[in-house]
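Read off the chains here:
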Amino acid sequence: MTVRLGHLTVEHAEDPVGVDVRPRFGWMVDGGSAGARLLAWRVEVFAPDGARLWGRDDASGAPGVDIEYDGVPLRSLTRYRWQVAVTTDEGAAQASSSFTTGILDGDWRGAQWISHPTPGGAAPLLRHEFTVPQLAGPLGTAPVYLVVGAGGYARPEINGVPVPGFDLAPGFTDYDVTAQYCAVEITDLLVPGRNAIGVELGRGFYGMASPSTWNWETAPWHDEPCVRILIVMGDEVVELSDEGWRAVDGPTRYDDLYGGEDFDARHDRPGFSRAGYDDTEWASAALARGPRGRAVNQRQQPIAVEQTFAPERIEQTAPGRWLFTFPRVIAGRVRLQLDGAAGEVVTVRTAERLRADGRPDNDDPLGYYAGRFQESRITLAGAPLHWIQRFGYQGFRYVEVEAADEPVVEAELLHSAVARTGRFRCSSPLLNRVHKLTVDTVLNNLHGLPTDTPKYEKNGWTGDGMLGAELMLLNLDTHELLAKWADDIASSRHGTGAPEVIAPHGGWTMDWTPAPTWHAALLFVPWEIYWHRGDERVLADTWADASAYLEFELARWPDGIADTTLGDWVSPDADPAGGNAPEDTRIAATAFLIAGLDVAAKTAAVLGHDPEVWTAHATRLRQRFVEEFFDVGRAQVVGAGDRGDRQTHQVLALAFDLLPEPHRRPVADTLARLIQENGDHLDTGALGTKYLLPQLTRYGHADTALAVALQTDYPSWGLWIESGATSLWEHWSPAARSHGHYFLGTIDDWLFGSVAGISPRAAGWRDIRIEPSVLGLGSAEAEVLTPLGRAGVAWRREGTTVVVDVEIPVGAVATVVIGGREWVVASGRHRLVGSVPTDQSRVDSGR
C-alpha cells in the first residue's frame, strides 16, 4: 500500500482560522496493513506570496505531533500555507494545508466595544453598512475575515445571511481574565460594492439579569451585552465597530440561560442586515466598557446543531395544550413552526421528565432561579413564524406547548461540534447501551466546556469534568475544549489559594472550601490531556497555578491529613438530591491531595523542573494516610464515623497506590469480598465509581468487576437501562435530580482500558498496551484516534483461546498481553492468539 499523509492540523484543528499562539503542526501517517517505520520528515511554512518563512527537518524517526513553529513573527489575520513531507521504510508522501492567524498583536485597528445606548432588557440589534472595493476577480485575491468579540453572545448576519459558527458564541470565560473572539472567513458572503452587517446580542453569562443561586447576575464582570467587530481584507480595514453603528431593541425581549426566552414577532426587523435597510429611526450605538480580560481566539470547536429530532409522540393533553415526546433526553432547543393572530402568546415548557400529573417537570423546588425555569413565550404577529431559542439551550425530552392551534415542533441537539474519535462494542448489549448513553450524555454537557447538567446548572464543576476527562478524550475530540477549560480552572484562583469548584466562576457566594477532591482538577485535567494527546503546553500553561495551589493546600493541612466538603458524592446511600457518602471525607480528601502531588512530580519532570520536592511531600502524606486510616489486621482502609464498610476507601487507596506494596493485594481482596457480600453491587459515588472496576480488574478480580457491571437492580447502570433511561442520571436512584449527568458513567474508562484492553503506556499513545482483561465476555472491540493515527483492538473467544486483532499507528509500538503471554508489535495490523486464564474460563452469555 502507498504511504499516505492525513489529518494535517495546526493547534489540533484542520485549516483553522484565528490561531493566536505560536502554531504547532501535526499530521498522521497511514502505512496500511503492513505498517511503516518513520525515517524522516520536513515541515515548511510559506507566506501568502509563496516565500518560504520557516522549515524544520527531523531524521530521528519521531512522529509529527505538536511540532512548534519558531520562525519569523507572523502577521495578524493572514493565511499561511504549510506542507509536510515524510519518508518511511515503505515509501514517501507529501501533503499541504493552511492556517489563518488571529489578532496577534492586540491591535483591533480601531474597532471599539459598542452596545445599545439605552438598554431596556431586550436583546439589541446593531447594524452598519460598508463598501467592499472592486478588485481583480469578484473580490480580488485576498480573503476577507470577520472578527467578533462579545460580552455575552453575538449572532452576526451579513447581507441577510447568518454567519456560520455563532451559536452561543463567543465562548464563556472569566471575562476579567480572558474574553474569546471568533474569527471566520466571510469572502463568499460579500459582494463588490455596498454590503451590510447586522448583529443580535444575547446576555449569556456576561449580562445575566435574572438572579440565580450561582450569583451570575452580580459577577464582577457583569454588564449589558456588547460587541466588538473587525472586518479586514489583506491589510485593509473594511469595517469596524464604532459609534457610527445603529442600534434598536430586537424581537428577543428576554433571554436567560436558565429561564428561557421571550420573543415578540411584532418587533422583528426582517432584512436588518441587508444593504439599504431603513434604520433612520434607530439610535446611534454607544461605546461600551467591554470585557476587561485579554482578547483570545475561541480555541475550542464552535457549538452547533448536530441533529434534529421529530417527536416520537404527540398528545393533546388539554384544550390548547400539546405534549411532544422526543426519542431521548438532549441538550438543545425547540424549533417551532406556527401561525396565529397578532398578539397571541404561545408558551413552551421543556423538561427531562414528567411530573405525576403528566406535565413537564420544569419546577424549581429549591428556589435556584428567580421566577421561571425552562419556559419560553412567543408573541405572534399575525403571520407564519419559524422560531428557535437564540441565546440558550435546555435539557429536555418533553416539550409542552400552549397555543390556539397545534404547532410543528422539532428538537435540535446543540453542543460543541467535537468529532467522535473513539468506538467501543462488546458481546454484552447492556454494556453497549451504557456506553452509548455515556457518550450521548457527555455530548449533552459540552458547551464550550464540560458542564454539570444541561437543565439545572450548566456550570463547569471541576471535579465532574476531572472524573470525565479520560472518557471524553477516548471518545471525542475534546483536546482543545479541555485545554481551554484547564485555563479557566487556573484562572479561577486569581493568583491565590485554591481554584474554585466551578470554572469559570462568577463570585458564587456559597463557600465550598476546603475541597481538594474537586481542586485536584487543576492537576488532573492538564495531565489527562498530556497523557492522551502528548500536549506539553497545557502542562506549562497551568503549572504556575497548579504548583502554587499545592503549596497552599499543603500549608492548610500541616499534619498531612486533609478534609473536604465534597466527598464521594451521590453514593447509593446518599440523598438522591445530592450529597456525600456517609463516610469519613478525610480519606478521599487526603487521597486526592496525594494523587495531586504525584501528578505534580510527573508534570515537573516533563517540564524540566525538579520533581523531588513533590515526591517527598507525597511520601510523607502516604505515611500519614497509612497511620491514620489503614487497619493492617483487617487489610482494610477505615475512617471515623463510617456507616459500614466503605468500598470507595479501598478503591482510592488502590487507585493512587497509597499503601505499601505488600498490603495492596490483600486490600483488593477485601474490596472484592465487600462487593460480594453486597450481592455483587457497588456502593460508590462519583469518586469511587471511576476507579472501582479498573482496580478490581488490576488485582485479579475481573469476574467480580463484570458481575457489578452487569447488575440490573439497585444500584447499577443496568437499573437505569431497565428503567428506560435515554441518558445517564446524577444519582443511582430514579429520584435523581438530573437525568442528564455523566460523572457516574466513568465505567467507560474500564470498557476501553480493561474490557477491550487498550490504553496508552506513554504520553500521546507512542507506546500502547493491549491487554484484554475481562474475558468473561465473548468479545469486545475498541478504537481510539490517537495523535499518531488510529489504534484499535478486537478480540473474541474461541473455546479456551482468545483471538486478538490489533491495529497500531505509524510511530507507535504496542505491547500485547493475553493470558500471561506477551508480544511487542510495531505499526500495522496484527493477529495474535492466546489462552484464556483459568479464572475467567466461564463466558457470561446473558446481559
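Here the structure is a predicted model, which means the values were calculated and not measured.

Draft legend 1. Focus on the overall build of the protein. Regarding its fold elements, the protein presents 15 helices and 42 strands. Relative to the 2.2 N^0.38 estimate, which gives 29 Å for 847 residues, the radius of gyration of the protein is 28 Å and therefore close to what a compact globule would have. Dimensions of the protein, computed from C-alpha atoms along their principal axes, come out at roughly 85 × 70 × 55 Å. The proportion of buried residues among the 847 residues of the protein is 62%. Intrachain contacts of the protein at a sequence separation of at least 6 include 73% that bridge at least 24 residues.

Draft legend 2. View of the pairing of strand β39 (residues 801–808). Note that strand β38 (residues 789–798) and β39 share seven bridges and pair antiparallel. Bridge pairing in β39 places Ala794 opposite Asp805. Once β38 ends, the chain turns through two residues before running back antiparallel as β39, passing Gly799 with a positive phi of about 70°. Of the strand pairs in this sheet, β39 and strand β42 (residues 828–835) are connected by eight bridges, and their pairing is antiparallel. Bridge pairing links Val802 to Gly834 in β42.

Draft legend 3. Layout of the side chain of Ser827. The residue Ser827 is located in the loop between β41 (821–825) and β42 in this model. Only 2.8 Å separates the side chain of Ser827 from the backbone oxygen of Ala36, close enough to count as a polar contact. The contacts of Ser827, once residues within four sequence positions are left out, are Ala34, Gly35, Ala36, Ile808, Pro809, Val810 and Ala812.

Draft legend 4. Highlighting the packing of helix α8 (residues 585–607) against helix α9 (residues 612–629). Their axes nearest at 9 Å, the elements α8 and α9 cross at an angle of 160°. In terms of axis orientation, α8 runs roughly antiparallel to α9. With respect to the hand of their crossing, α8 and α9 are arranged in left-handed fashion. Only Trp614, Thr615, His617, Ala618, Leu621, Arg622, Phe625, Glu628 and Phe629 of α9 make contact with α8, whose side of the interface consists of Arg586, Ile587, Thr590, Leu593, Ile594, Leu597, Asp598, Ala600, Ala601 and Ala604. Split into classes, the residues belonging to the contact of α8 with α9 amount to twelve nonpolar, three polar and four charged.

Draft legend 5. Fine view of empty space enclosed by the protein. Overall, the coordinates contain seven cavities of 30 Å³ or more when judged by the stated rule. Taken as a whole, the largest cavity holds about 150 Å³ of empty space. Around the largest cavity, the lining comprises 19 residues; the ones closest to its centre are Tyr153, Phe172, Ile303, His447 and Gly448. Grouping the constituent residues of the lining of the largest cavity by class yields ten nonpolar, seven polar and two charged.

Draft legend 6. Just the sheet that holds strand β37 (residues 779–786), in detail. Strand order in the open sheet made by the five strands is β32-β37-β38-β39-β42, with antiparallel pairing throughout. Strand pairing shows two members of the sheet lacking a second neighbour, β32 (422–426) and β42, which therefore form its edges. Across the sheet, the mean angle separating the axes of adjacent strands is 10° when strand polarity is ignored.

Draft legend 7. Up close: unusual backbone geometry. Omega for the peptide link from Thr513 to Pro514 comes to -5°, which places this bond in the cis form. Following the sequence through the fold, Pro514 ends up in the loop between α4 (479–491) and α5 (516–519). You will see that Glu11, though not glycine, has its phi angle at about 55°, which is positive. Considering the arrangement of structural elements, one finds Glu11 in the loop between β1 (4–10) and β2 (17–19). Of note, the phi angle at Asp15 is positive, near 50°, even though the residue is not glycine. Counting through the fold element by element, Asp15 comes out in the loop between β1 and β2.

Draft legend 8. Quick look at the nonpolar core. If you look at the biggest cluster of nonpolar residues, it comprises 174 residues, and the most contacted ones within it are Phe524, Phe656, Leu693 and Trp750. Per-element tally for this core: the top contributor is α8, with 13 residues. For Trp750, the contacting residues outside a window of four places in its chain are Leu693, Pro694, Thr697, Ala705, Leu706, Ala709, Val755 and Val774. Ranked by size, the runner-up nonpolar core spans 28 residues in total, among them Val144, Leu201, Ile229 and Ala285.

Draft legend 9. Inspection of the packing of aromatic side chains at higher detail. Under the criterion given, the structure shown has 43 aromatic pairs. With a centroid separation of 5.2 Å and an interplanar angle of 65°, the aromatic rings of Phe625 and Phe629 are classed as edge-to-face. Here Phe629 and Phe625 lie together in helix α9, a separation of four residues that amounts to about one turn. Just as Phe625 is buried, Phe629 falls in that class too. One residue, Arg228, lies across the ring of Trp108, its end atom 4.0 Å from the ring centre. The ring of Tyr691 carries the charged tip of Lys690 above its face, separated from the ring centre by 5.7 Å.

Draft legend 10. Structural context of the sheet that holds strand β18 (residues 246–249). In space, the six strands of this open sheet follow the order β13-β12-β15-β10-β18-β21, with antiparallel pairing throughout. Each end of this open sheet is capped by a strand with a single partner; those strands are β13 (161–162) and β21 (283–284). Where strand β12 (residues 153–158) meets strand β15 (residues 193–202), six bridges bridge the pair, whose relative direction is antiparallel. In the strand pairing of β15, Arg155 is matched with Glu200.

Draft legend 11. How the structure looks around the packing of helix α12 (residues 686–698) against helix α15 (residues 747–756). Where α12 contacts α15, the axes come no closer than 7 Å and their chain directions differ by 30°. Classified by the angle between their axes, α12 and α15 sit roughly parallel to one another. Contacts from Lys690, Leu693, Pro694 and Thr697 in α12 reach Ile747, Asp749, Trp750 and Ser754 in α15. Residues that form the contact of α12 with α15 fall into these classes: four nonpolar, two polar and two charged.

Draft legend 12. The pattern of salt bridges, seen in detail. The final tally for this structure, using the stated rule, is 67 salt bridges. Between Arg22 and Glu68 there is a salt bridge, with its nearest N and O atoms 3.5 Å apart. Of the two residues, Arg22 sits in the loop between β2 and β3 (24–30) while Glu68 sits in strand β6 (residues 67–68), which places them 46 residues apart along the sequence. Arg333 serves as the salt-bridge partner of Glu412, at 2.7 Å between the closest nitrogen and oxygen. Taken together, the residues Glu412 in strand β31 (residues 408–416) and Arg333 in strand β26 (residues 321–338) connect sequence positions 79 residues apart. The class for Glu412 is buried, based on a relative accessible area of 3%. Among the residues examined, Arg333 registers a relative accessible area of 5% and is labelled buried. The structure contains a network of salt bridges with shared partners spanning Glu11, Arg22, Arg24, Asp66, Glu68, Asp535 and Arg537.

Draft legend 13. Molecular detail of the pairing of strand β27 (residues 345–351). Most of β27 is tucked away: six of the seven residues are buried. Relative to strand β30 (residues 394–402), β27 runs antiparallel, the two being bridged by five bridges. When the bridges of β30 are listed, Thr350 appears paired with Val399.

Definitions and cut-offs
- Within each chain, residue numbers correspond to sequence positions counted from 1 in written order.
- Since the coordinates come from a predicted model, pLDDT governs what is reported: local features require at least 70, and pairs of side-chain atoms require 80 or more to be given and counted, while whole-chain, interface and lining totals use all residues.
- For the side-chain quantities, the full set of heavy atoms in the structure was used; hydrogens and water were omitted.
- Put simply, DSSP marks the helices as runs of H or I at least four residues long and the strands as runs of E at least two long, and each gets a number from the N terminus on.
- Based on C-alpha atoms, the radius of gyration is set beside the globule rule, defined as 2.2 Å times the residue count to the power 0.38.
- Any residue under 20% of the maximum accessible area for its type is buried, any over 50% is exposed, and the rest in between are partly exposed; the area is computed with a 1.4 Å probe on protein chains only.
- Working rule for contacts: check all heavy atoms of both residues, and any pair within 4.5 Å makes them a contact.
- In short, DSSP must find at least two bridges between two strands for them to pair.
- Throughout this description, a polar contact denotes any pair of N or O atoms lying within 3.5 Å of each other; where both atoms belong to protein, one of them has to be capable of donating a hydrogen while the other can accept it, and for residues adjacent in sequence the pair is counted only when both atoms sit in side chains.
- Fitted lines through C-alpha atoms give the axes, limited to the stretch in contact for helices. The angle between two N-to-C directions lies from 0 to 180 degrees.
- Angular relationships are summarised with four words: roughly parallel below 35 degrees, roughly antiparallel beyond 145, roughly perpendicular across 65 to 115, and oblique for the angles in between.
- Each crossing gets its handedness from the near helix: less than a right angle anticlockwise from the far helix is left-handed, clockwise is right-handed.
- Residue polarity follows a fixed list, in which Ala, Val, Leu, Ile, Met, Phe, Trp, Tyr, Cys and Pro are nonpolar, Asp, Glu, Lys and Arg are charged, and the others, Gly among them, are polar.
- The method works on a 1 Å grid over the protein atoms by themselves. A cavity is a set of points holding a 1.4 Å probe that cannot get out, a pocket is an open set with protein on both sides within 12 Å along at least five of seven lines, and residues with an atom within 4 Å of a point line them.
- Grid points are joined across faces, edges and corners, and a volume is the space filled by probe spheres set on the points.
- Here the nonpolar core consists of buried residues drawn from Ala, Val, Leu, Ile, Met, Phe, Trp, Tyr and Cys, with membership extended through side-chain atoms lying within 4.5 Å.
- Aromatic pairs are defined between Phe, Tyr and Trp rings, using the six-membered ring for Trp, whenever the two ring centres lie within 6.5 Å; interplanar angles under 30 degrees are classed as stacked, those over 60 as edge-to-face, and all others as tilted.
- Charge-over-ring contacts are defined here by two conditions on Lys NZ or Arg CZ: a distance within 6 Å of the ring centre and an angle within 35 degrees of the ring normal.
- Salt bridge, as applied in this entry: a Lys or Arg side-chain nitrogen positioned within 4 Å of an Asp or Glu carboxyl oxygen.

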